[in-house]
Amino acid sequence: MKKLLFGLFCLGISVLSLAQSVPSPEQFLGYKVGTRFTRHHRIVEYTKSVAAARPDMVKLEKYGETNEGRELMLAFVSTPENMQQLDQIRVNNLRMAGLAKDKAAPALENAPAIVWLSYNVHGNEASSSEAFLLTIHALTDPNNKATKEWLKNTIVVLDPCINPDGRDRYINWYNSVVGKHYNADPASREHAEPWPGGRSNHYNFDLNRDWAWQTQLETQQRIKKYHEWMPQVHVDYHEQGFNEPYYFAPAAEPLHEVITPWQRDFQVMIGRNHAKYFDQNNWLFFTKERFDLLYPSYGDTYPVYNGAIGMTYEQGGIRAGLGILNEDNDTLTLVDRAAHHFTTGLSTIEIASKNKSRLLSEFKQFFDDSRAGKIGEYKTYVFTAKDENKMAALKKLLSQNGIEYGVLNNKNFRGFNYFTGKDDVFADEGNHIAVSAFQPRSVMAKVLLEPRTVVTDSNTYDITAWAAAYAYGIKGYAVKEKLAVNSESAAAAAIAPVNSNYGALIPYTSFNSAKVLAYLLKHGVKVRFVEKPFTYKNKSYDRGTLVVLKTSNTADWQSVLNAACSKYNVQAEAVETGYMDKGSDFGSPDIKNIAATPKVAMLTGDQTSSLAAGEVWHYFDKILDYPITLLNAADIARYNLKNYDVLIIPDGNYRVLNEKSVSDKMKDYVRGGGKIVALENAMATMSRGDWGIKLKEGKGDEKADSVKKYADREKDYLTNSIPGAIYKMDLDNTHPLGFGYPDFYYTLKQDGNVYEFMKDGWNVGTIKKDAYVTGFVGAKLKPGIKDGMLFGVQDMGAGTVVYIAEDPLFRNFWENGYLLIANAVFLAGK
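A.B. asks: Please explain helix α18 (residues 557-568) as it appears in this structure.
C.D. replies: In an α-helix, one turn spans 3.6 residues; hence positions three or four apart end up facing the same way. Between its terminal C-alpha atoms α18 stretches 17 Å, which fits the 16 Å expected from twelve residues at 1.5 Å a residue. Those residues of α18 lying buried are W557, Q558, V560, L561, N562, A564, C565 and Y568. Taken together, the buried residues of α18 touch α14 (388-400), β19 (503-506), α17 (511-522) and β23 (546-549). Among the residues trailing α18, N569 stands out with phi positive, at a value near 60°.

A.B. asks: Teacher, can you tell me more about the layout of surface pockets here?
C.D. replies: Space left empty within the atom packing is revealed by a probe, the size of a water molecule, rolled over the atoms. A volume near 970 Å³ is recorded for the largest pocket. Taken together, 38 residues form the lining of the largest pocket, with K386, D387, K390, T509 and G740 sitting closest to its centre. The residue makeup of the lining of the largest pocket, split by class, is 14 nonpolar, 14 polar and ten charged.

A.B. asks: How should I be thinking about the packing of aromatic side chains in this particular structure?
C.D. replies: Two measures describe an aromatic ring pair: the distance that separates the ring centres and the angle between the ring planes. Tallied over the entire structure, the rule returns 55 aromatic pairs. With a centroid separation of 6.5 Å and 55° between ring planes, the pair formed by W213 and Y295 is classed as tilted. With W213 in the loop between α8 (164-177) and α9 (217-229) and Y295 in the loop between β8 (292-293) and α11 (301-304), the pair connects residues that are 82 residues apart, well separated along the chain. Residue classification places Y295 among the buried residues on the basis of a relative accessible area of 1%. Centroid distance Y418 to Y470: 5.8 Å. Interplanar angle 65°. Geometry classified as edge-to-face. Of this pair, Y418 sits in the loop between β14 (414-417) and β15 (422-425) while Y470 sits in helix α16 (residues 468-472), and the two are 52 residues apart along the sequence. For Y470, a relative accessible area of 0% corresponds to the buried category. Feature note: the residues W213, Y295, Y298, W466, F810, F813 and W814 constitute an aromatic cluster, connected by ring pairs. The ring of W211 carries the charged tip of R222 above its face, separated from the ring centre by 4.4 Å.

A.B. asks: I would appreciate a short explanation of empty space enclosed by the protein in the present structure.
C.D. replies: Counted under the stated rule, the structure contains three cavities of 30 Å³ or more. Estimated volume of the largest cavity: approximately 150 Å³. Around the largest cavity, the lining is made up of 13 residues, and of these K390, S510, F511, E815 and N816 lie nearest the centre. Elements supplying a minimum of two residues to the lining of the largest cavity: α14 and α17. In the lining of the largest cavity, the residues fall into five nonpolar, six polar and two charged. Of the voids in this model, the second largest cavity is the one considered here, and its volume is about 50 Å³. Every residue lining the second largest cavity is listed: A612, E615, V616, P650, D651, L679, E680, E806, D807, P808 and L809. Looking at which element gives the most residues to the lining of the second largest cavity, the answer is helix α19 (residues 610-624), with three residues.

A.B. asks: What is the right way to look at the sheet that holds strand β1 (residues 58-65) in this model?
C.D. replies: Adjacent strands of a sheet pair through backbone hydrogen bonds, lying either parallel or antiparallel. Spatially, seven strands are ordered β1-β2-β4-β3-β5-β9-β6 in an open sheet, and the strand pairing comes out mixed. The open sheet terminates on both sides in strands that have one partner only, identified here as β1 and β6 (246-247). Relative to strand β2 (residues 71-77), β1 runs antiparallel, the two being bridged by seven bridges. Its bridge partner lying in β2, E65 is registered against E71. Strands in contact with helix α10 (residues 261-280) are β5 (233-241), β6 and β9 (309-318); relative to β9, the strand with the most contacts, it is inclined by about 35°.

Procedures and definitions
Residues numbered from 1 in each chain as written. Predicted model: local features only at pLDDT ≥ 70, side-chain atom pairs only at ≥ 80, totals over all residues. Heavy atoms only, no water. Helix = DSSP H or I, 4+ residues; strand = E, 2+ residues; numbered from the N terminus. Expected span 1.5 Å × (residues − 1). Buried < 20%, exposed > 50% of the residue type's maximum accessible area, 1.4 Å probe, protein only. Contact = heavy atoms within 4.5 Å. 1 Å grid on protein atoms, 1.4 Å probe; cavity = no way out; pocket = protein on both sides within 12 Å on 5 of 7 lines; lining within 4 Å. Points joined across faces, edges and corners; volume = space filled by probe spheres on them. Nonpolar A, V, L, I, M, F, W, Y, C, P; charged D, E, K, R; others polar. Phe/Tyr/Trp six-rings, centres within 6.5 Å; stacked < 30°, edge-to-face > 60°. Lys NZ or Arg CZ within 6 Å of the ring centre and 35° of its normal. Pairing = 2+ DSSP bridges. Axes fitted to C-alpha atoms, helices over the stretch in contact; angles between N-to-C directions.

Structure below.
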């Protein structure tokens, strides 16, 4: 405690002094910060009490709600003088970046820097929201002379809790198992959080991987507000394992090549300031290790690619509860953890205040260079697709990130073709957009769109490849010349309703078609699909085309169809006869019926990966908008699986699948007409049984010296690592699993698993020798990723098993995988 008080005193704060007008957290809550966990609603209430006490210094803004209805809010804190011109400061900041709507807005002299502190993105890393309580009090305490000075040069934006749903899930569980006094024994049940844990949001998504992709409600609401401010400094608060001390900047390699010398130097500067306070208190820390700046969707990298100094601060504390005995035989308490985060927060504000002028000038230079097209070798990115809905998905990503795009008048150019890997002449497929590097968010555009990311150090914390062309399955060209990009002017044609006494045809060319299918099935409309191309009225229709006929449907089939097509922007065509010009007529065996409103279930709970199960749940609930039943994996033996048409088994570590009685039950389910869709490690687990698939034995490069050096242990590990690299698969698009795709598919490969070709099944997705595209793959692992099956379909009795070795819904940003799951559920199999 003496060390803590000394550290706070060094920051110019006396924790013994209480402001007369601003209640301390302890006064308001009735307990000292860190001696209990504070639920989210109490954090909100305390913040509102501070704002009520100091309306001249604090402005609160509700920016949204979570999936469970909890409030998301920001607190803006500064001097009364700065607060009086808060919006002018915001607009001035956007003007410096070239993002203000009023381009001629006059510059604001002596503007402050904007520092944004984001707390508790991972719900069970709960100490930072406790630190927030200390921080907002210190900033508004009239007795605090240091913060008064710092706020003259800064606007501090505080987000008390990014993930309230996850936080309260963790805290409510912890409070239910802790006794009168906490138990520091790591084996105590209060340190063993049950599935799914509080880390993720309501849909079990990791919000710290979602900044750029914005698939989640919390992120979508927050990024809109972030773009209205564009801070110079952003801090993302975390916790790591409780045996670790504290991590703060500077970051580890790899650092993306777009990161400026100033962004690197400021991290060193701020790290030294933190170290000063930690050393004075004999608090341990580390820097320049583990936490890199590459993957663009973190709370540190996303701000960096938007001109800020973005940093992650990591306090040891996961599983710690109110207190835990670590491997050094010290008791780490929540009081300690909150104090450490509090210290780095005020230290950040201090250094930002003292370097305000440089922060602003470098921020302006970052965007000046962007608008001048100085970022990267490619000056224009062009994307083209036949289906406008595929293009619309990419446009949405660009718009969410504030990236400008338009169209080209002159389409005579060459560029690096993402799909061929060569320099090619541009071929327009019907719809196109172009993104110029001469724009304010040129850096973000390069990071998201460039064909290959330069990785300076293979020891990275996350995936190393994510280029939008591959993730969205859209043909792209990276062009080294500046092309004239014009504003998009032509509005999309309105969807014409179908009026037919016989039926309608729905092209199956994008995921929007699958959403139409799901809508129709959910509303009781019977749908067929064609397995072979056909021609009607001199128009060709491809495999997968959906057929809705008046026969066997209710009287409102047409109104339901038109509502679905209008909602999802898919143009259906009227058909007046079952007799086709070429190809199968509608009574042919090649026209397949889809089961009326297929009932879909998924294994979840203990033994499944919470993140993988969350991807599937969110996909059905929020994206496809189709009902799904969640079944606890551990209880599968007692379920009547015949109640469901499709059973999805997401990634996980399944003990239950190794039980013979369960395996037999699942086979009986399939033979009786059911369908299993096995993903990732579920497929690997089944391959160790007698399901008819077999994992290929690794035949990587084993030439490495068998005598290992201890100092090389990390390097040796990396030779068998694949954190996330893109491979091009061959796809049999004549099979219903591949309908709507070209004859290839780009997958984000995160393991070395490749399966032997099935003899009694369909090898729909295969990988050949030269399939690698981009991203880091370990030298020993890489040679073995070839010549095998990754997507397969196996008939078994009256039913089907669909095997998908990859994660087509990765973080729900791998848009090109959406259709694959719909095909697996609705089309593939008997």
